[in-house]
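Topology and contacts: notes
Residue strings, one per chain:
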Amino acid sequence: MIKLRIAAAALIWIAAFAACKKSGNPSPSDGNPTPTTGTRLQLSLDSLYLYAKETYLWYDAIPSYDAFNPRQYAGNDEFGSLTNALFKITQLKNDPATGKPYEYYIPNPSHAKFSYVEKGNLARGIKAAVNLEGDGNDLGLIPVVVTFGGDPKAYLYVRNVEKGSPADLARITRGSLITRVNDAPATATVAAATALMNSSEAKLTFRRPDNPGVDITATITKTTYKSDPVVTWKVFPAQNGNKTGYLALAHFTRQSVAQTSLNTAFSDFNAAGVNAVVVDLRYNGGGYVSTAEFLMNLLAPSALQGKVMYKQVYNELVRNDKAPILKTIPYLDANYKQVYQNGKALTYADLDFTEAGNTFQFEKAGPLTGVKKIVFIVSGSSASASELTVNSLKAWPGNVTVRTVGSKTYGKPVGFFAIGIDKFTVYMAQFSSRNALGQGDYYAGMTPDIAAQDNVTRDFGDPQETCLEAALGFINSGVTGGRTSSVPTLMSNGREMTTTSIRTQTIEPNDFNGMVEDRRRVRQQ
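The written sequence of each chain sets the order in which its residues are numbered from 1. Under the rules for a predicted model, residues below a pLDDT of 70 receive no local features and side-chain atom pairs below 80 are neither given nor counted, while totals for whole chains, interfaces and linings still include all residues. The basis for every side-chain value is the complete set of heavy atoms in the structure, and neither hydrogens nor water enter the calculation.

For residues other than glycine, phi is negative in most cases, and the peptide bonds are mostly trans. Of note in the backbone geometry, Asp 183 takes a positive phi value of approximately 70° without being a glycine. Comment: elements are numbered from the N terminus, with helices defined as DSSP H or I runs of at least four residues and strands as E runs of at least two. With respect to the secondary-structure elements, Asp 183 resides in the loop between β7 (177–181) and β8 (184–185). Although it is not a glycine, Asn 342 sits at a positive phi angle of roughly 55°. Tracing the backbone through its elements, the reader meets Asn 342 in the loop between β17 (340–341) and β18 (344–345). Accessible area is worked out with a 1.4 Å probe on protein chains only. A residue is then buried under 20% of its type maximum, exposed over 50%, and partly exposed in between. Residue classification places Asn 342 among the exposed positions, given a relative accessible area of 81%.

What follows is the structure in structure tokens.
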């Protein structure tokens, strides 16, 4: 799958930072001085601490330099040392609603939920193989293990396929049943599924969900490719005065990558007279905020023009120009080039981090102006910019009816700008997002309005897929209880299986999960 990565405008390197320290860099906000000498790793750990002390969303829980002692985390592994130090920082502030740290991650308590360190620093020319530009470098599919109630056998299905990938070109789709791998019967275990996903080449025999009686064999080879994040779109026949369009969006890649397909989809929706839209974000872990805004402006009815979409709230130091460390971060454009104004090289200290300066309004886009109902399909993989999209539109029930279908979302109402430290890029939570009603504390995830199980045996856009069926049921009939038809989901070993009997063991690719603010407002001078 596409492993999405971003190195946004806030990228520096430790050599520059160390020089700044020797010439009198800002002390941490508590005034305690930091050492001016040390090993490369020690200075990197100091830098991590200093950035967190002033820019981290929950900076007020971080103790003094001496009390925290970032250099105690120095070990033989540089990446591990920075990761351990950042993890300790993320566990300092508790969420009153849960009594646990805001960044406590239930599936893996030894990892932070939001913040992380990544190898590579674009400011020094170290580039990742794939990124939020929609570039992939793999087979392009995620297989999952599926079992059915009453059937002791496990099966290997394809959960999703990246558009434009080798798997896509081989006509493999979501819902395909893999029966053989490299001429041997498919092994339906998580380990085997993981190995297949990470393979350089694989010969697969599979059955597509639209023609389950026919075996297809294809050999796919890992390669680089450009993927369109708009997986598919379609329009369903009118029912009870509702004409519904369906759109599946895999990632919030850079707007320039997604815009063409999004414009085409919404032009088709408008031509068909669509007045309700189902947006499938079930595996969308977020990405560029500007792309999320563009989607919201395409979806929004005309009545939302000029109304508040959402706001970003930074910590008190950053908001009130009391974070001098921002002066060490150069402000770069989308091509990672220094931005100048009146001959001055801008830094992040020149940007507007006030709440007023980070409140954004709807600016209607596209021809579709009369949407009355929007249903988002979500899951535990729906995060950050995906949740921002849902939260922003749900604040205006008098203008558009918004519902969610599926399972609880990831819970990531925070975002960041990336910080380069030596050979690494650090992503730490730096702002929270809130809608027009001030709502945004969904740290434990958004509970769906209509619970429905993800049915990986059917392709995106199949009206008999459980989540989509529930979404259409709400739009057309106001039904909120899941399945609306008596059509069996599939046949397994001669027995009809309904979605209530499906159990899926999912392997999660190392996809990007986050909300990246990629356009800034420079403060009025």
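Picking up where we left off.
Moving on: the nonpolar core. In this description, a nonpolar core means a group of buried Ala, Val, Leu, Ile, Met, Phe, Trp, Tyr and Cys residues linked to one another through side-chain atoms lying within 4.5 Å. Formed by 47 residues in total, the largest nonpolar core has its most connected members in Trp 58 and Leu 326. Elements with a contribution of two residues or more to this core: α2 (40–55), α3 (65–68), α4 (78–90), α9 (316–319), β23 (419–421) and β24 (424–427). If one sorts the elements of this core by residue count, α2 sits on top with seven residues. For this analysis, residues touch if any pair of their heavy atoms sits within 4.5 Å. Leave out the neighbours within four places in its chain, and Leu 326 touches Thr 55, Val 318, Thr 347, Tyr 348, Ala 349, Phe 353 and Phe 417. One finds Leu 247, Tyr 310, Val 390 and Tyr 442 within the second-largest nonpolar core, a separate group that totals 42 residues.

Let us look at the sheet that holds β24. Either a parallel or an antiparallel arrangement is found when strands of a sheet pair, and the pairing is made through backbone hydrogen bonds. A pair of strands is treated as paired once DSSP finds two or more bridges between them. Spatial ordering of the open sheet is given by β3-β24-β23, a layout of three strands whose pairing is antiparallel. Here the strands that pair on one side only, and so sit at the sheet edges, are β3 (116–119) and β23. If you compare each strand with its neighbour and ignore which way they point, the axes differ by 30° on average. Across four bridges, β3 lies against β24 in antiparallel orientation. Bridged to Val 117 within β24 is Val 426. The sheet contacts of α4 involve β3 and β24, and relative to β3 the element is tilted by about 165°. Note on geometry: axes are C-alpha line fits, over the in-contact stretch for helices, and angles between N-to-C directions span 0 to 180 degrees.

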